[in-house]
Amino acid sequence: MATGSNKNAAAAQTAQPSTVYLPLIAGWLIPGAGHFLLGKWKRGALLAVSIVCMFALGLAMHGKLYSGAQDILDLLGMAGDLGNGLLFVVGRVLGLGADPVQLTTADYGTKFIVVAGLLNIIAAVDAHNLKTGRKS
Amino acid sequence: MFRPSHFLAVLLFALFASTVFGITQRETPQRMFRYGIYCFALFVGSAIVFSWVMFLIAR
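What this report covers is the structure whose coordinates are included nearby. (Residues numbered from 1 in each chain as written. Chains lettered and ligands numbered in written order. Predicted model: local features only at pLDDT ≥ 70, side-chain atom pairs only at ≥ 80, totals over all residues. Heavy atoms only, no water.)

A word on the overall build of chain A
Assigned secondary structure in chain A consists of seven helices and zero strands. When the helices and strands of chain A are placed in sequence order, the string is α-α-α-α-α-α-α. Expressed as a percentage of its 136 residues, the buried residues of chain A come to 44%. Sequence-distant contacts in chain A: of pairs separated by 6 or more residues, those separated by 24 or more amount to 71%. Here chain A has roughly 7,100 Å² of accessible surface; of this, 67% comes from carbon and sulfur atoms. (Helix = DSSP H or I, 4+ residues; strand = E, 2+ residues; numbered from the N terminus. Buried < 20%, exposed > 50% of the residue type's maximum accessible area, 1.4 Å probe, protein only. Contact = heavy atoms within 4.5 Å. Areas by Shrake-Rupley, 256 points an atom, 1.4 Å probe, with all protein chains shown as cover.)

Quick look at the overall build of chain B
Tallying secondary structure elements over chain B gives two helices and zero strands in all. Taken over the C-alpha trace, chain B has a radius of gyration of 14 Å; the compact-globule value for 59 residues is 10 Å, which it surpasses by more than 25%. Of all 59 residues assigned to chain B, the portion counted as buried reaches 25%. Of the roughly 4,200 Å² of accessible surface on chain B, 70% is carried by carbon and sulfur atoms. (Rg over C-alpha atoms; globule rule 2.2 N^0.38 Å.)

Digging into the packing of aromatic side chains
Going through the model one piece at a time under the given rule, you end up with six aromatic pairs over all chains. When the centroid spacing of 5.9 Å and the interplanar angle of 65° are considered together, the rings of Phe112 of chain A and Phe13 of chain B count as edge-to-face. Taken as a pair, Phe112 of chain A in helix α7 (residues 104-132) and Phe13 of chain B in helix α1 (residues 6-25) lie in two separate chains rather than in one. Plain terms: the ring middles of Phe13 of chain B and Phe43 of chain B are 5.8 Å apart, the flat faces sit at 85° to each other, and that makes the pair edge-to-face. Placement of Phe13 of chain B in helix α1 and of Phe43 of chain B in helix α2 (residues 29-58) is noted, with a sequence separation of 30 residues between them. Positioned above the aromatic ring of Tyr35 of chain B, the side-chain terminus of Arg26 of chain B is 4.0 Å from the ring centre. (Phe/Tyr/Trp six-rings, centres within 6.5 Å; stacked < 30°, edge-to-face > 60°. Lys NZ or Arg CZ within 6 Å of the ring centre and 35° of its normal.)

Topic: the interface of chain A and chain B
In this assembly, 23 residues from chain A lie in contact with 19 residues from chain B. In this assembly, chain A packs against chain B so that about 2,000 Å² is buried in total across both faces, 78% of it on carbon and sulfur atoms. Applying the counting criterion to the chain A and chain B interface returns zero salt bridges. Those elements giving two or more residues to the side of chain A that touches chain B turn out to be α4 (41-60) and α7 of chain A. At nine residues, the largest contribution of residues to the side of chain A that touches chain B is made by α4 of chain A. When its residues are assigned to classes, the side of chain A that touches chain B shows 15 nonpolar, four polar and four charged. (Buried area = accessible area lost by both parts, 1.4 Å probe. Salt bridge = Lys/Arg side-chain N within 4 Å of Asp/Glu carboxyl O. Nonpolar A, V, L, I, M, F, W, Y, C, P; charged D, E, K, R; others polar.)

Things to note about the nonpolar core
Counting residues in hydrophobic clusters, the biggest one holds 25 residues, and the most contacted among them are Ile51, Met54, Phe55, Leu57, Leu65, Phe112 and Leu119 of chain A. For this core, the secondary-structure elements that each account for two or more residues are α4 and α7 of chain A together with α1 of chain B. Looking at this core, the element that brings in the most residues is α7 of chain A, giving eight residues. Discounting chain neighbours no more than four positions away, the residues touching Met54 of chain A are Phe112, Val115, Ala116 and Leu119 of chain A together with Phe13 and Phe16 of chain B. (Core = buried A, V, L, I, M, F, W, Y, C linked by side-chain atoms within 4.5 Å.)

Focus: the layout of surface pockets
The volume enclosed by the largest pocket comes to roughly 360 Å³. Surrounding the largest pocket, 14 residues form its lining, Leu46 of chain A together with Thr19, Ile23, Met32 and Phe33 of chain B being those nearest its centre. Of all the secondary structure elements, the ones that give two or more residues to the lining of the largest pocket are α4 of chain A together with α1 and α2 of chain B. Per element, the largest residue contribution to the lining of the largest pocket is six residues, and it comes from α2 of chain B. Of the residues in the lining of the largest pocket, the class split is eight nonpolar, four polar and two charged. (1 Å grid on protein atoms, 1.4 Å probe; cavity = no way out; pocket = protein on both sides within 12 Å on 5 of 7 lines; lining within 4 Å. Points joined across faces, edges and corners; volume = space filled by probe spheres on them.)

Comments concerning the environment of Ala33 of chain A
Residue and element names in this part refer to chain A. Among the secondary structure elements, Ala33 is positioned in helix α3 (residues 33-37). Residue Ala33 is classed as buried on the basis of its relative accessible area, which comes to 14%. In this structure, the C-alpha to C-alpha distance between Ala33 and Leu47, residues 14 residues apart in sequence, is 9.3 Å. Apart from residues lying up to four places away in sequence, Ala33 is in contact with Ala26 and Gly27.

Shown next as structure tokens:
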């Protein structure tokens, strides 16, 4: 038997099937954009500030932006970095985070950047859940 | 270059991660706030506890 939330999810998907993934993709590319698209301005702003600040502080600490995957740990770091969406692309284009890690704070910064990407993925999935009606 | 102490880095990490966890894992603003505070306390508290454990092991 279908629950109320499942009915809402089905209704949301059948109403606009072509745009159901738009908040997910927008939220991945630009932190908070998925929530902005859904009119959740305060939530989106808080998410954007948190993720962008974490990414920026990571770069300010001279954290590394992963550019390739030589081993499994690099591969996991790269996957986390890619979660930052356009922030990662802009950082790479501007040549940020390219220095080798030599200080303890630079290692903290690398972790800040990876975790910012992972948090952004969580936020984008949350926007998708709002769109599909799994969450209100 | 921004060079925070380890504890300041913990506080900043906990603040941002708790904010995202609170918003994404709960549905109402009040519950989001409470869960965010809970996560923040767990992040900082566990960092302090594990720091003392490692200090005592290293002695």
